[in-house]
Amino acid sequence: MEREIYDRDRAGVSDAVLLEDYTSDDVFIANLQKRFHENIIYTYIGQVLVSVNPYKELPIYSEQDIQTYRKKYFFENPPHVFATSDNAFRLLIEENRSQCILISGESGSGKTENSKKILQYIAAASGHVESVESVKDKLLQTNPILEAFGNAKTNRNNNSSRFGKYMDINFNWQGVPDGGDILNYLLEKSRIVHQNANERNFHIFYQLLSGGDEQLLEKLHLKRNFADYSYISGGDILPSTDKNLDDANNFKVVMNAMNTIEIPKEEQDELLDIVASVLHLGNITFGVGEKGHSTVYENEAVHAFANILGIEFDQVKKCLTHRTIDAHGDLVTSPLNRDQSFYARDALAKAMYARVFDWLVETINKSIHTPTSTSRVKTNHVLGVLDIYGFEVFETNTYEQLCINFCNEKLQQLFIELTLKQEQEEYLKEGIEWTPVEYFNNKIICDLIEEKHVGIISLLDEECLRPGDATDLTFLEKMNERLASHPHYIFNSSRASLVIQKLVHRDEFQLRHYAGDVKYNVDGFLDKNSDLLFRDLKEAMSASKNSIIKLLFPSSEFLLSRKRPDTAITQFKNSLNNLMQILASKEPSYIRCIKPNQLQTSDNFDFELVRHQVKYLGLMENLRVRRAGFAYRRTYDAFLERYKCLSKQTWPNFKGNPRDGVQIIANELNYGADDYRMGKTKVFIRLPQTLFMTEDAFQLKKNYVASIIQARWKGKIQRRKYLELRESVIITQSYCRRVLAKRRLAERKGAVERIRFFIKGFITRNQAPNECNAKFIQLVKQMWLIRLSKSLPNSFMNHSWPKPSAHCEEASEHLKKMHLLYLAKRYRDRLTPERKAAFDMKVLAESVFKGAKRSYPKSIPHWFINDRVVDHHQAQIKSFIKSPTFGERVIYQTSCMKYDRRGYKPRERILIIGDKSLFLIDAKTYKQKHRISLNKIPNIVLTKEGDNLLLVRIPLELKKDKGDLILDVPYIIECCTWWIKATNNINIIQITDSATFSHNMTSGKSGVIQVELGTASITTITKAKSGNLLVIAAQ
Ligand SMILES: Nc1ncnc2c1ncn2[C@@H]1O[C@H](COP(=O)(O)OP(=O)(O)OP(=O)(O)O)[C@@H](O)[C@H]1O
Ligand SMILES: [Mg+2]
């Protein structure tokens, strides 16, 4: 409900207790009107549901809607018949308190529709339990049958219930409907024989004629034409387009329902026989015979009637034209006149139909009874639904209206007792102070009608039973006399005021009902109350072959019973009192139905018509009582749940006692001390304004709350997405890992295989060739080659070489050689011509001196150059060379020592080898001492030791040179090599290995050179004592 409070401007308030001016019916009705135009047909007055007939199908009764109201607090959702049903259903199931829902309102206001919705809700809400599905079906299927036999088209409602109905639904221990029981009240029998203009008889007649197949109609002697039958063509016989009046189809629905209810086929047939026989009965007419006695016209109808019911034709004729009276044991038969025959015929038709209707209800009851439902008041698990006529006020009101309005007075009594009691009890239970409310107690009117001996019913019965000429008017007189002083009884008398005399006619009386004044015309009261059926008719019926008729008209009724049966109104009073007892034993819920217009259209709200109903339903009284205390009450939990966002202390969750939470909110909103009360379990708010203020504050806060909810919700969605994503990532990841692991495993397996293969190859490497060792060896070779490739010496001077494995030794040797060759070649290729010439010199030196001269190795490290003249002689030597007398190209020049041939005195000299001559220059004077043509020198002699002695043989003919030249040349190997080069004669070198050798001097003399191997690192050349030149060669 709170959800709608903020919507009050558009759709009014959903609970009339929230109306500011609760005493004005204008305001109340305007609220209903506002809602009606918004297609909101339900409104509360506290717990009472007010329902306005929408006269159109609204999308508010779906399975979805049922779920919306399922197990919700009564006020949690907008008002609805489902909320009322759920509330009653839950109190029944959860608290084991028997419930009844009382639906009232005038004809066409929607009572029956609402009662069907209740049944629909109960069937759906009680869940699906296989074993009781058939019972639920049966309960639902009672409606089409009872509506076919008990409903009719009237000017006020196309499907008007012409009987009152109370239905108990029994529940088993699981809270599932397992049976039921129906009570019916006051079927409008008069409709059988007469209908007002544009009205119809009960639906079943039209359904049979429209929906029965040819064979059936033939069997029942019927024709498919309404106009042929007087009982059903009095009012409206035009085929209606109303879907509710699709008679042919409805006939099928009814027959199916009978099967569901398990009415045996034979009984169904007999039931239709009776329906047909009533139609035929209506077509029996009478003529006037001898002495004015009535005679039956022997038409088709009489035969059909007798035939179908299996009664002797003569008996039929007789019972309709004669009357037998039991006069103190003597049976006296007298003929009837024509009018009496018609009266008897109609009485029979009414009795037959009314009794068949009762039989039908009983038969349905037998089918839907369960062991628990047979005893009506014993069980607590019962939900009763009362669909009964509301107050009726017509232009002319008669006996039926008195019964109906009496029924409503009784219900109002019950309402007063239960509702006011309930309200007061609630305050008491909640510990709230309470000033009792003033209200009109209609007990006085109930007493006026039903009080023993003095009430209207007693007076009517008295008048019916008394001997003599009692008439409707004598009954009225009696009432006028006995009830004259009653404040609620008004009648026309000479003493009455003119207004009353004008208003209430002489054959009328007026009752001042709680809902308003109603005038009744006494015409027909006695007849209807006596409800007499002539004995002959009962007798004829009891002779019928139709077992239902036979059962309904037992012979005991006219043979045994001398006592007159109770009058109709006494029976009705008794059954009402019985009903009151049943209802009083239960907790009531109320649905008050209102019809918005007389036109049965959805777009018209007749304010005055509604005002009339609001008055007759006592809704303003209801509202006043409800508002006398507190307009609004709600359990602390529910109140806190809705309004907790209004205080920081209670939002988002209040941990403490809900009562304290509500108190915090009340303080926060500055509720006045008198505006509210804190009960034991509920908060009570006195005025609607206080609640509206609270609700407005809530609506303001709602955006804030909504944003929080939205944020949380978005967060939740994102988190869900994230978790989903994460999960899929993990799955993907684990798949990848699996694939990778499998791949790694395969790799490792492969590696293991290869290693094993390798090891095997290693182990068998020295054995006969096999697959493994072949590979291994190949690999070893490869590896060695790779290793080799990385550590190859890059200079031929580097003699390192990686150690080959056994399998590569041979190759290694080859490679080593090849590489050396390669390095050498590369070295060679890179040599400059100068360097090459220098090398050639070295090679030349090697070929001559290696192994021949001890000092040769010392000459290896340095390159041969062609100038060894010490620096301080350079300039003079250069100028010597440039002098024209020199005239040669210098091949080699060096400082040296010359030993005299005599005395071996050392003299410093410069030795120059030219391209043609040998020059010896004095190192002091730089004068040429010797110039000898190279080709004249036969050879030059060297010792084999490490000395630098060079003996240049001078041919003897060159006397002026005074014999061989004894020189000490510092780079002897270098010098000699240049010499060879200059002379191009390798043989010029002579290396002597003798320890002494001679040298020539001029004049044929010779000296001796003696060579010894010394221990020092330098050579000494001295003149020995022997006179020889002693050369002690360096090591
Ligand atoms: N809630 C509703 N939704 C749609 N149509 C409805 C509703 N209530 C009533 N009606 C319409 O109004 C018609 C009369 O309703 P219903 O038969 O329930 O009235 P009633 O109060 O039982 O009348 P009566 O006293 O004559 O039996 C229905 O046939 C239906 O067309
Ligand atoms: Mg009805």
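Starting afresh in each chain, residues are numbered from 1 along the sequence in its written order. By the order in which they are written, chains take letters starting at A while ligands take numbers starting at 1. Predicted model: local features are reported for residues with pLDDT of at least 70 only, side-chain atom pairs are reported and counted for 80 or more only, and whole-chain, interface and lining totals are derived from all residues. Processing note: side-chain calculations cover all non-hydrogen atoms of the structure and skip hydrogens and water entirely.

- Naming follows an unreviewed UniProt entry, where the protein chain appears as Myosin-IB of Polypedilum vanderplanki.
- Heading Subcellular location (unreviewed entry) of the UniProt record for the protein chain holds this comment: "Cell membrane".
- UniProt positions are given in the numbering used here, feature names are shortened, and annotations may be inferred rather than shown by experiment. The record in UniProt for the protein chain states the following under Sequence similarities (unreviewed entry): "Belongs to the TRAFAC class myosin-kinesin ATPase superfamily. Myosin family."

**Considering the UniProt feature "binding site: ATP" (unreviewed entry) in the protein chain**
Here's step 1: The feature "binding site: ATP" (unreviewed entry), as given by UniProt, occupies Gly105, Glu106, Ser107, Gly108, Ser109, Gly110, Lys111 and Thr112 in the numbering adopted here.
Here's step 2: Think of it this way: any DSSP run of H or I at least four residues long counts as a helix, any run of E at least two long counts as a strand, and we number them from the N terminus. Relative to the helices and strands, glutamate 106 is located in the loop between β3 (99-105) and α6 (111-125).
Here's step 3: Within the element layout of this structure, serine 109 appears in the loop between β3 and α6.
Here's step 4: A 1.4 Å probe rolled over the protein chains alone gives each residue an accessible area, and that area as a share of the maximum for its type sets the label: buried under 20%, exposed over 50%, partly exposed in between. When its relative accessible area of 0% is taken as the criterion, serine 109 is described as buried.
Here's step 5: The definition of a polar contact used here is a pair of N or O atoms within 3.5 Å, where within protein one atom must be able to donate a hydrogen and the other to accept one, and adjacent residues in sequence count solely through side-chain atom pairs. Within the structure, the side chain of serine 109 is placed 2.6 Å from the backbone oxygen of glutamate 106, a separation counted as a polar contact.

**Thoughts on the environment of isoleucine 45**
Here's step 1: Along the chain, the position of isoleucine 45 falls in strand β1 (residues 42-45).
Here's step 2: Exposure remark for isoleucine 45: the relative accessible area of 2% places this residue in the buried category.
Here's step 3: Taking C-alpha positions, isoleucine 45 is 18 Å from glutamate 438, a pair spaced 393 residues apart along the chain.
Here's step 4: Ignoring anything within four residues of it in the chain, the contact list for isoleucine 45 reads Asp15, Ala16, Val17, Phe28, Val50, Leu619, Asn622, Leu623 and Arg626. In this description, contact between two residues means that some pair of their heavy atoms is separated by no more than 4.5 Å.

**Quick notes on the packing of aromatic side chains**
Here's step 1: Between 30 and 60 degrees the pair is tilted, below 30 it is stacked and above 60 it is edge-to-face, where a pair is any two Phe, Tyr or Trp rings, Trp via its six-membered ring, whose centres lie within 6.5 Å. For the structure shown, the criterion picks out 37 aromatic pairs.
Here's step 2: When the centroid spacing of 5.5 Å and the interplanar angle of 35° are considered together, the rings of phenylalanine 205 and tyrosine 353 count as tilted. Of this pair, phenylalanine 205 sits in helix α9 (residues 203-211) while tyrosine 353 sits in helix α15 (residues 338-368), placing them 148 residues apart in sequence.
Here's step 3: Assessed through its relative accessible area of 3%, tyrosine 353 is described here as buried.
Here's step 4: Every member of this aromatic cluster is reached through a ring pair, and the members are Tyr399, Phe475, Tyr489, Phe491, Phe509, Tyr520 and Phe525.
Here's step 5: Each ring is checked for a lysine NZ or an arginine CZ that lies within 6 Å of its centre and within 35 degrees of its normal; such an atom marks a charge sitting over the ring. Lysine 117 extends its terminal NZ or CZ atom over the ring of tyrosine 61, reaching a point 4.4 Å from the ring centre.
Here's step 6: It is arginine 765 that lies over the ring of phenylalanine 762; its NZ or CZ is 4.0 Å from the centre.

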